[in-house]
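# Coordinates in review
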Amino acid sequence: MPKAAAGKRKEVKKRGKKDPNAPKRGLSAYMFFANEQRENVREENPGISFGQVGKILGERWKALNDKQRTPYEAKAAADKKRYEDEKQAYNAEADESS
DNA sequence: ACATTGATTGTTGCC
DNA sequence: GGCAACAATCAATGT
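Below you will find a few notes about this structure.

Basis of the calculations
Residue positions within a chain follow its written sequence, with the count starting from 1. Here every chain gets a letter starting at A, and every ligand a number starting at 1, in the order they are written. Only residues with pLDDT of at least 70 are given local features in this predicted model, and only at 80 or more are side-chain atom pairs given and counted; all residues enter the totals for whole chains, interfaces and linings. To get the side-chain values, all heavy atoms of the structure are used, and hydrogens and water are removed first. Axis geometry follows a simple rule: fit a line to the C-alpha atoms, using only the stretch in contact for helices, then measure angles between N-to-C directions, giving values from 0 to 180 degrees. Helical segments are the DSSP runs of H or I of at least four residues, strand segments are the runs of E of at least two, and each set is numbered from the N terminus. With the far helix as reference, a near helix turned anticlockwise by less than a right angle produces a left-handed crossing, and one turned clockwise produces a right-handed crossing. The contact criterion used throughout is that any non-hydrogen atoms of two residues lie within 4.5 Å. In this classification, the charged set is Asp, Glu, Lys and Arg, the nonpolar set is Ala, Val, Leu, Ile, Met, Phe, Trp, Tyr, Cys and Pro, and all remaining amino acids, among them Gly, are polar. Note on ring pairs: Phe, Tyr and Trp rings are taken, using the six-membered ring of Trp, and paired if centres are within 6.5 Å. Classes follow the plane angle, with under 30 degrees stacked, over 60 edge-to-face and the rest tilted. Buried means the residue's accessible area, taken with a 1.4 Å probe over protein chains only, is under 20% of the maximum for its type, while exposed means over 50%, and partly exposed covers the values in between. For this document, the term salt bridge refers to a Lys or Arg side-chain nitrogen within 4 Å of an Asp or Glu carboxyl oxygen.

Another aspect to go through is the packing of helix α1 (residues 29-44) against helix α2 (residues 50-63). Contact pair α1 / α2: the axes reach a minimum separation of 10 Å and the direction vectors enclose 115°. Our pair here, α1 against α2, has a crossing hand that is right-handed. Contacts between α1 and α2 involve A29, Y30, F33, A34, Q37, R38, N40, V41 and R42 from the former and V53, G54, I56, L57, G58, R60 and W61 from the latter. Among the residues making up the contact of α1 with α2, the classes are represented as nine nonpolar, four polar and three charged.

This part is about the packing of aromatic side chains. Summed over the entire model, instances satisfying the criterion amount to five aromatic pairs. Summarising the aromatic geometry, the rings of F33 and W61 are spaced 4.8 Å apart at their centres and angled 70° between planes, so their arrangement reads as edge-to-face. Note that F33 is positioned in helix α1 and W61 in helix α2, a separation of 28 residues in sequence. For the pair formed by F33 and W61, the shared burial category is buried. The interplanar angle of 70° and the centroid separation of 5.6 Å between the aromatic rings of W61 and Y72 together place this pair among those described as edge-to-face.

This part is about the pattern of salt bridges. Counting across every chain of the model gives five salt bridges. Across the salt bridge formed by R69 and D66, the nearest N and O atoms sit 3.9 Å from each other. Here R69 and its partner D66 are both found in helix α3 (residues 66-95), three residues apart, which amounts to about one turn of the helix. Given the relative accessible area of 25%, R69 is considered partly exposed. The class for D66 is exposed, based on a relative accessible area of 55%. Where D85 meets R82, a salt bridge forms, and the shortest distance between an N and an O atom there is 3.7 Å.

In C-alpha cells form, the structure reads like this:
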C-alpha cells in the first residue's frame, strides 16, 4: 500500500526547511467545513468533548455528498489560491533577478 | 516521470 | 499556547 500507515503527524523530523519564506499553505476543505459544522455539531451534541465532536465532524464530512463538499472544496480552492499568491511571491523572491 | 512524504491548516476543550 | 482525532492538500522532494 502506498504511503505509510496512519500514524503521528509530523513526528520529529523536518524536511530541512528549504523554503526561505515558507509560504505556508492554504487551508483544507475540512477547515471550512469544521468552521460551519462545529456550531451545528456542538448544537446537536451539547456538552460533548472534542473527542466526540472531532469524530462526528469527520463522519458528517464524509456523510456529505460531493455536491455538499463543493462549497467547502470551493473555500479550500479559494484559500489555495491565496496560498498560490504567496507561492508566487516566494518564487519571485527566490529568483530575485533584479 | 512517478511515488512518497512532510509540512501546514483549523475545530474544540482543558491545563 | 499546545495537544489530541479528524480530513484535505499539495508542493517539494526523492527514487
